[in-house]
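# Structure assessment
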Amino acid sequence: MSIATRVARPGDLTAALEVWRRANAARGKTPGPDRVARVQAKLADPAALVVVAERAGELVGMAAAESGREEDGAGGVVPGLCHISMVFVRPDHWGNRIGELLVDAVRKEALRQGHTSLQLWTGEGNHRALRLYDRTGFRPSGRTGQLSTGERIVHLTRSL
């Protein structure tokens with residue numbers, strides 16, 4: 001059965017949140033209520049670009065992006081820059097290249113909206129994500145950081 005991607009509709013947001021929740025739990029990162037509320041608000045933000053992957057009428061993946069901002073999100077909007085903040089696939093569909101379809105759907109929609117480049121941060125030890133982003137044309141910018149949890153993160157970019 002084939003996978004279709006599309007821009008999310010308001011009725012998709014609960015299922016998209018559930019994809020995010022399941023994928024995090026499968027990675028041993030079960031989110032608390034505060035984190036769930038923040039992600040729910042991010043997905044519902046009218047300025048957010050949310051795409052979903054659907055198989056047989058069921059959401060199996062989601063990705064979210066927004067305009068890139070200076071100072072790692074704290075500053076003003078950077079013209080042409082789209083920041084991917086989330087790419088998640090339901091664990092029972094991992095390994096089916098759905099992540100690639102989602103990233104490509106974000107890329108196409110970002111281009112349609114006038115963006116010229118994409119950026120994201122991901123865990124230095126998240127090898128599954130690093131392989132996905134490499135396959136979809138992202139390259140390390142050389143910037144690294146560390147989350148409050150101590151997890152090391154890397155910054156990746158690509159042109160559209």
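Everything numeric in this text was worked out from a predicted model, so none of it was measured. (Residues numbered from 1 in each chain as written. Predicted model: local features only at pLDDT ≥ 70, side-chain atom pairs only at ≥ 80, totals over all residues. Heavy atoms only, no water.)

### Comments concerning the overall build of the chain
On a plain count of helices and strands, the chain comes out with four helices and seven strands. Taken from the N to the C terminus, the helices and strands of the chain come in the order β-α-α-β-β-β-α-β-α-β-β. Along the three orthogonal principal directions, the C-alpha set of the chain runs to about 40 × 35 × 30 Å. Across the 160 residues in the chain, those meeting the buried criterion constitute 40%. At a minimum sequence separation of 6, the contacts of the chain that also span at least 24 residues come to 61%. Distance between charge centroids for the chain: 4 Å, based on 23 positive and 17 negative side chains. (Helix = DSSP H or I, 4+ residues; strand = E, 2+ residues; numbered from the N terminus. Buried < 20%, exposed > 50% of the residue type's maximum accessible area, 1.4 Å probe, protein only. Contact = heavy atoms within 4.5 Å. Lys, Arg positive; Asp, Glu negative; His and termini not counted. Charge placed at Lys NZ, Arg CZ, Asp CG, Glu CD.)

### A closer look at the pairing of strand β4 (residues 77-89)
Judged from the eight bridges that link them, strand β3 (residues 58-69) and β4 form a sheet pairing that is antiparallel. Note on β4: the bridge partner recorded for Met-62 is Phe-88. In the sheet, β4 pairs with strand β5 (residues 117-123) via three bridges, with the strands oriented parallel. Looking across to β5, one finds that His-83 is bridged to Gln-119. (Pairing = 2+ DSSP bridges.)

### Topic: the environment of Thr-116
If you trace the backbone, Thr-116 turns up in the loop between α3 (98-112) and β5. Residue classification places Thr-116 among the exposed positions, given a relative accessible area of 51%. As for Thr-116 and Arg-158, which are separated by 42 residues in sequence, their C-alpha atoms are 9.0 Å apart. Ignoring any residue separated from it by four or fewer positions in sequence, one finds Thr-116 in contact with Gly-80, Ser-159 and Leu-160.

### So, the nonpolar core
The biggest cluster of nonpolar side chains holds 24 residues, and the ones touching the most others in it are Ile-84, Val-87, Leu-102, Val-106, Tyr-133 and Phe-138. When residues of this core are traced back to their parent elements, those giving at least two are β2 (49-55), β3, β4, α3, β5, α4 (127-135) and β7 (152-159). Setting aside anything within four residues of it in sequence, one finds Ile-84 in contact with Ala-64, Ala-65, Val-106, Leu-118, Gln-119, Leu-120 and Phe-138. Membership of the second largest hydrophobic core comes to 16 residues, among which are Leu-17, Val-50, Leu-59 and Ala-64. (Core = buried A, V, L, I, M, F, W, Y, C linked by side-chain atoms within 4.5 Å.)

### Considering unusual backbone geometry
Even without being a glycine, Ala-56 presents a positive backbone phi close to 55°. The residue Ala-56 is located in the loop between β2 and β3 in this model. A relative accessible area of 62% places Ala-56 in the exposed class. Positive phi is not limited to glycine here, since Arg-97 has a value of about 65°. By relative accessible area, which is 49% here, Arg-97 ends up partly exposed.

Read these as layout, nothing more, since geometry by itself doesn't imply function.
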